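# Topology and contacts: notes
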Amino acid sequence: MIDVSESQLRDHLTTALSVQRWVDEVASGAPYSDVSELVAVAERAGAELTGDEIDEALAHHPRIGEAPVGEGSSQEFSRREQQASQLTDDPAEVKALAEGNATYEARFDRVFVIRAAGRSRQEIIDELERRLKLDDETEKREAGAQLVEIAVLRLRQTFGETSAESGRSAETASPRATDPAADAGTLRA
């Protein structure tokens, strides 16, 4: 059983995906017997994010490859999720990502969003280049799907079963881990 107050659940949901309709819909299904049930409801509720909801969520996401500004759970998740994509000093990759972000923003009028956890910087660049070729409607659905993937990852990190060996989530690293180097290999979706 996921044993948190409604207020705590809503806070965790908002950190996972800051879309009020989604938070309300997922919170209304509580209490949840386990993480799998919570994730199933979260995925259904996020299946058809509207353009306005995507904009609402993206207001809280940093550009891929850039450090989040400020402190808080959402920023900590973003730092951890983007960690592997930032482990390069290759100036060509840094430039490609910056230019790709600028091109994407000019074309789609929003920041590029992708589940960065578990992806290298080159994988992110390749996906950015692929998505730049999509039509507006298809890309909007892709952005929404990525936001839901990020939300699910965050919910699994927050509410996942802990491993007896490490005391951390069996799904992914704990969002409150203090040693980023120790978590680098565990960020997978």
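None of the values given here were measured: they were computed from a predicted structure. (Residues numbered from 1 in each chain as written. Predicted model: local features only at pLDDT ≥ 70, side-chain atom pairs only at ≥ 80, totals over all residues. Heavy atoms only, no water.)

## What to know about the pattern of salt bridges
All told, the structure shown has twelve salt bridges when counted by the stated rule. Between Arg10 and Glu6 there is a salt bridge, with its nearest N and O atoms 3.1 Å apart. With Arg10 and Glu6 both in helix α1 (residues 6-16) and four residues apart, this pair spans about one turn of that helix. The exposure class of Glu6 is exposed, given its relative accessible area of 53%. What emerges from the salt-bridge pattern is a single network uniting Glu6, Arg10 and Asp24. (Salt bridge = Lys/Arg side-chain N within 4 Å of Asp/Glu carboxyl O. Helix = DSSP H or I, 4+ residues; strand = E, 2+ residues; numbered from the N terminus. Buried < 20%, exposed > 50% of the residue type's maximum accessible area, 1.4 Å probe, protein only.)

## Section: the packing of aromatic side chains
Each aromatic ring pair is summarised here by two numbers: the centre-to-centre distance and the angle between the ring planes. In this structure the tally under the stated criterion is two aromatic pairs. Each ring, one from Tyr104 and one from Phe108, has its centre 4.7 Å from the other, and the planes form 45 degrees; the classification is tilted. One end of the pair is Tyr104 and the other is Phe108, both in helix α6 (residues 91-108) and four residues apart, which spans about a single turn. As far as burial versus exposure is concerned, Tyr104 and Phe108 are alike and both buried. Ring centres of Tyr104 and Phe112 lie 5.2 Å apart, and the angle between their planes is 70 degrees; this geometry places the pair in the edge-to-face category. Looking at Tyr104, the relative accessible area reads 0%, which means it is buried. Given the relative accessible area of 2%, Phe112 is considered buried. Through successive ring pairs, a cluster of aromatic residues spans Tyr104, Phe108 and Phe112. (Phe/Tyr/Trp six-rings, centres within 6.5 Å; stacked < 30°, edge-to-face > 60°.)

## Re the packing of α6 against helix α7 (residues 121-132)
It is the contact of α6 with α7, at a shortest axis distance of 10 Å, that shows an interaxial angle of 30 degrees. One finds that α6 runs roughly parallel with respect to α7. Crossing angle aside, the handedness with which α6 passes α7 is left-handed. Side by side, α6 and α7 meet where Glu93, Val94, Ala96, Leu97, Gly100, Asn101, Thr103, Tyr104, Arg107 and Phe108 of the first sit next to Arg121, Gln122, Ile124, Ile125, Leu128, Arg131 and Leu132 of the second. (Axes fitted to C-alpha atoms, helices over the stretch in contact; angles between N-to-C directions. Parallel < 35°, antiparallel > 145°, perpendicular 65-115°, else oblique. Left-handed = near helix turned anticlockwise from the far one by under 90°. Contact = heavy atoms within 4.5 Å.)

## Thoughts on the packing of helix α3 (residues 35-46) against helix α8 (residues 136-159)
Between α3 and α8, the least distance of the axes is 10 Å, while the angle of their chain directions is 160 degrees. The orientation of α3 relative to α8 falls into the category roughly antiparallel. By crossing handedness, the relation of α3 to α8 is classed as right-handed. Here Val35, Leu38, Val39, Ala42, Glu43 and Gly46 of α3 lie close against α8, whose contacting residues are Val148, Val152, Leu155, Arg156 and Phe159. Classifying every residue of the contact of α3 with α8 gives eight nonpolar, one polar and two charged. (Nonpolar A, V, L, I, M, F, W, Y, C, P; charged D, E, K, R; others polar.)

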